[in-house]
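# Notes for the structure review
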Amino acid sequence: MPRVLLIEDDPSVREGVELGLRRRGHEVRTAATGEAGLTALGEFQPDLLLLDLMLPGMTGVQVCRQVRETSQLPIIMLTARGDDFDVVVGLEAGADDYIVKPARTEVIEARIRAVLRRIEEPGGRPAVEFHGDLAVDRVGLGVAKSGQRLALAPSELKLLLFLSAAPEQVFSRQQLLEHVWEHSYHADARLVDACVRRLRNKIEDVPGSPRYIQTLRGFGYRFGPL
């Protein structure tokens, strides 16, 4: 079972989530502050980070940004308000998903599994696909641009793999939520938009004039044409 690091300052939430995940077989380490969480991150080496957005002192957004400087660890944010502006900031900082508190353990467990689930590709596809100067390795789950390997967060990699598997096909935000994030809540459409912006910043020469991930206003996103 995945090892989970939970950074949450509310004792009741922290204890409840920890207990629920332990009962499902997860090894869990907890921290009450961002600073303590970063220390635990290096010691514990988790498979996934559950990160409270509103932490005292060092905020969850600041923690997320610092983690993303050196790691592509899957991150799920915990927030008390689904429409909070900080959620968008957190997604832009590199979080892969978010959960609105309070949340049942089975919901948290489902989100963890969805974020960690590896992409299953149909047989017969080449191991490495080349799209212009972009190389997509569907077996090794790696992406390189002009020969330089890119560090993509799990949600960014999943989105790119999904879109590039069907060049020129347009997918709505709802379809992307269902296929990439494996859940569908109306407010979660910003998960898609934030992930697209982050991905463009990494794979596009000019993110404002994208060559790979293109927007069709009123419809959604597509990969190419190049």
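Structure's up top.
Residues numbered from 1 in each chain as written. Predicted model: local features only at pLDDT ≥ 70, side-chain atom pairs only at ≥ 80, totals over all residues. Heavy atoms only, no water.

### Observations concerning the packing of helix H1 (residues 11-23) against helix H5 (residues 105-116)
Following both chains from N to C, one finds H1 and H5 inclined at 65°, their axes separated by 10 Å at the closest point. On the basis of their axis angle, the class for H1 and H5 is roughly perpendicular. By crossing handedness, the relation of H1 to H5 is classed as right-handed. Here Val17, Gly20 and Leu21 of H1 come into contact with H5, specifically with Thr105, Ile108, Glu109 and Ile112. Split into classes, the residues belonging to the contact of H1 with H5 amount to 4 nonpolar, 2 polar and 1 charged. (Axes fitted to C-alpha atoms, helices over the stretch in contact; angles between N-to-C directions. Helix = DSSP H or I, 4+ residues; strand = E, 2+ residues; numbered from the N terminus. Parallel < 35°, antiparallel > 145°, perpendicular 65-115°, else oblique. Left-handed = near helix turned anticlockwise from the far one by under 90°. Contact = heavy atoms within 4.5 Å. Nonpolar A, V, L, I, M, F, W, Y, C, P; charged D, E, K, R; others polar.)

### Structural notes on the nonpolar core
Counting 52 residues, the largest nonpolar core has Leu160 and Ile213 as the members making the most contacts within it. Among the elements that line this core, the one with the most residues is helix H8 (residues 189-203), at 7 residues. When near neighbours in sequence (up to four residues on either side) are disregarded, Leu160 contacts Leu134, Val136, Val143, Leu152, Leu199, Ile203, Ile213 and Phe223. Ranked by size, the runner-up nonpolar core spans 13 residues in total, among them Leu21, Val28, Leu50 and Ile76. (Core = buried A, V, L, I, M, F, W, Y, C linked by side-chain atoms within 4.5 Å. Buried < 20%, exposed > 50% of the residue type's maximum accessible area, 1.4 Å probe, protein only.)

### Looking at the pattern of salt bridges
Under the criterion given, the structure shown has 18 salt bridges. Residues Arg22 and Glu18 are paired through a salt bridge, measuring 3.1 Å at the closest nitrogen-oxygen approach. Of the two residues, Arg22 and Glu18 are both situated in helix H1; the distance of 4 residues between them amounts to about one turn of the helix. Residue classification places Arg22 among the partly exposed positions, given a relative accessible area of 40%. For Asp205, the salt bridge is made with Lys145, and the minimal N-O distance between the two is 3.2 Å. Taken together, the residues span a long stretch of sequence, with Asp205 in the loop between H8 and strand S10 (213-216) and Lys145 in strand S8 (residues 142-145) at a distance of 60 residues. (Salt bridge = Lys/Arg side-chain N within 4 Å of Asp/Glu carboxyl O.)

### Focus: H8
Compared with the 21 Å implied by 1.5 Å per residue over 15 residues, the 21 Å span of H8 between its first and last C-alpha is a close match. Taking burial as the measure, the 15 residues of H8 include 11 buried ones, the bulk of the element. Among all positions in H8, only Arg190, Leu191, Val192, Asp193, Ala194, Cys195, Val196, Arg198, Leu199, Arg200 and Ile203 are buried. (Expected span 1.5 Å × (residues − 1).)

### Description of the packing of aromatic side chains
We describe a pair of aromatic rings using the distance from one ring centre to the other and the angle between the two ring planes. Counted by the stated rule, this structure contains 2 aromatic pairs. Between Phe162 and Phe171, the ring centres sit 4.7 Å apart and the planes meet at 55°, which makes this aromatic pair tilted. Of the residues examined, Phe162 reaches a relative accessible area of 22% and is grouped as partly exposed. Judged by relative accessible area, which is 7%, Phe171 ranks as buried. Between Tyr212 and Phe223, the aromatic rings sit 5.8 Å apart at their centres with planes inclined by 25°, giving stacked as the arrangement. With Tyr212 in the loop between H8 and S10 and Phe223 in strand S11 (residues 220-223), this residue pair connects regions lying 11 residues apart in the sequence. Comparing Tyr212 with Phe223 shows no difference in burial state: the two are buried. For Arg3, the ring lying beneath its charged end belongs to Phe44, and the centroid distance is 4.2 Å. (Phe/Tyr/Trp six-rings, centres within 6.5 Å; stacked < 30°, edge-to-face > 60°. Lys NZ or Arg CZ within 6 Å of the ring centre and 35° of its normal.)

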